[in-house]
Amino acid sequence: MDKLFYIDGYYLDKYQIECVKCDKNLLVVAGAGCGKTSTILGKVKYLLSLGYKENEILCISLTNEATNGLRNKLKNIGINIDCYTFHKLGLNIINMFYKNINIVDNKYLEYIVDEYFLSVVKYSCRKYLLMLEFKNFKYNEIINSKEFILYKRNLVTFINLLKNKGLDINFIYKIYINKFIKYNYLFLLEIYDIYENELNSNNSIDLNDMIIKATELINKYKLKLNYKYIIIDEFQDSSKIRLNLIKSIMKYNNSKIMCVGDDYQSIYRFAGSDIELFLNFKENFLNSEIMYLKNTYRNSKELLYISNKFICKNKFQFKKELFSNKSNSKPIKIFFSNNYVDDLKKILKLVGTDYMIIGRNNKDISYYVDKYEDINKLNYFTAHKSKGLESENIILINLIDDIMGFPSKIKNDKIIDNLFDKELYKFDEERRLFYVALTRTKNNIFILVNKNNISCFVKELLKDYKNYIDLLY
């Protein structure tokens, strides 16, 4: 086989090679453990063999950790190309035109919101506060109430999501004029206006502006960046403003693109990711192709069957055909537990040192650590943080039916719901998050369950896939 397709100790499979050789704008749809990174490395290597120069290829990922990891893997095979996050790319472009730009984090917007409401409480009449529906509080108690703190946090989230989706104050105004109860949107109008004016007067930008302003500069000056080929990792978590930035670069640099991702693992809607951009790839990129990586090198074929059937209950997902040479007749082991700590100890003895514990929330592990000191060095991740990782055995904890269980039943605030207009399958993103947790394993999944309070996801597994499950008591 051609050494060109020998990557990191392995030859690429036929599906990966087809993606590497494709000369159209390309979306590579992968499953968990299908070799997405190897495909990216193979693509870069192949482009260089065609005559592309290193400085003509750009790789983008979403986080510093992922970007650094990709950059190091490329360097390990002797390749040195630009690897950036979207934010770093945007800042590089802004720095071509402006110096001494101040970058503010989310705390600055939180400060603006706090100051706004301090002035409302201090100078406005009582009816202004009654509009906020905090009628059970005394006038001077409202500011420090948990309910009001949550309310302010939701306003901050709304503004961040608004900008991430490429929207502005006009969107708020349209809601405002169409709402019978207007006070929330009056506040948002005023806060957004104050915030943007403060940023401009202080020569400051926030994280969203790093991308928005860079796109504006590219379009204004028809900016040439010399990038002839762009590769985006984790494309399922892209947002509207990120898409706009890339399309602008492509327009003025005659670039081609390859995006790699897994729509089953789109789990960052709360941070602005939009799965529709993934599903509608061909509408956004002309002369494009969608290709699939079909071999998984992590999960057994039985777990693939379970996880794929489970995730495809969501209405808006690509249907995939995935293959594995591994077999495990009963990859799921469910513990119906009365004593979580003792049962966790039993599982840890079974799995040895190669394991990962996954919960829905940061606090899910605290009960175990607080209860027994001898297990307080546990290899624990939230489901979000586990994405991209793998282990021989996975232990899922806190699978309960509760607002803080898995699935989480916390609902978006009604203000934030204005930004999401598609009717989605119930718990669609929680379902994708559970899929992420299931597919971290190379061997078995151990699920700790309170038999008196069973998660609806566990009930579904028991109902639909009982032949693949060991029940342990």
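That block above? That's the structure.
> How would you explain the pairing of strand β5 (residues 82-85) if you had to name every residue and give the values?
Sheet analysis places strand β4 (residues 57-61) next to β5, joined by four bridges and oriented parallel. By the bridge assignment for β5, Ser-61 is matched with Thr-85. Following the chain from β4 across helix α3 (residues 64-76) to the adjacent parallel β5, one finds a crossover that is right-handed.

> Tell me about the side chain of Gln-16, and please be specific about residues and values.
The topology assignment puts Gln-16 in helix α1 (residues 14-21). A residue is classified by how much of its surface remains accessible, and Gln-16, at 3% relative accessible area, is buried.

> Describe in detail the pattern of salt bridges, supporting the description with residues and values.
Within the structure shown, the criterion is met by 22 salt bridges. Notably, a salt bridge pairs Asp-209 with Lys-163, separated by 3.0 Å at the nearest N-O pair. Placement of Asp-209 in helix α10 (residues 207-221) and of Lys-163 in helix α7 (residues 146-164) is noted, with a sequence separation of 46 residues between them. The two residues Asp-209 and Lys-163 agree in class, both being buried. For Arg-269, the salt bridge identified is with Asp-428, shortest N-O distance 2.5 Å. With Arg-269 in the loop between β9 (256-261) and α12 (275-279) and Asp-428 in helix α18 (residues 428-438), the pair connects residues that are 159 residues apart, well separated along the chain. Asp-428 carries the same exposure label as Arg-269, and that label is buried.

> I'd love a proper account of α18, names of residues and values included.
Where burial is concerned, most of α18 is hidden: eleven out of the eleven residues are buried. For α18, the full list of buried residues reads Asp-428, Glu-429, Glu-430, Arg-431, Arg-432, Leu-433, Phe-434, Tyr-435, Val-436, Ala-437 and Leu-438.

Parameters at a glance
- Starting from 1, residues in each chain are numbered consecutively following that chain's sequence as written.
- Owing to the predicted nature of the model, reporting of local features is limited to residues with pLDDT of at least 70; listing and counting of side-chain atom pairs is limited to 80 or more, with chain, interface and lining totals taken over all residues.
- Based on all heavy atoms of the structure, the side-chain values leave hydrogens and waters out of the count.
- At least two DSSP bridges between two strands are needed for those strands to be called paired.
- In this description a helix means any DSSP run of H or I spanning at least four residues, a strand means any run of E spanning at least two, and both kinds are numbered starting from the N terminus.
- Handedness is read with the strands pointing away from the viewer; a crossover is right-handed when the path from the first strand over the helix to the second is clockwise.
- Exposure categories follow from relative accessible area, calculated using a 1.4 Å probe and restricted to protein chains: below 20% of the type maximum is buried, above 50% is exposed, and the middle band is partly exposed.
- The term salt bridge refers to a side-chain nitrogen of Lys or Arg lying within 4 Å of a carboxyl oxygen of Asp or Glu.

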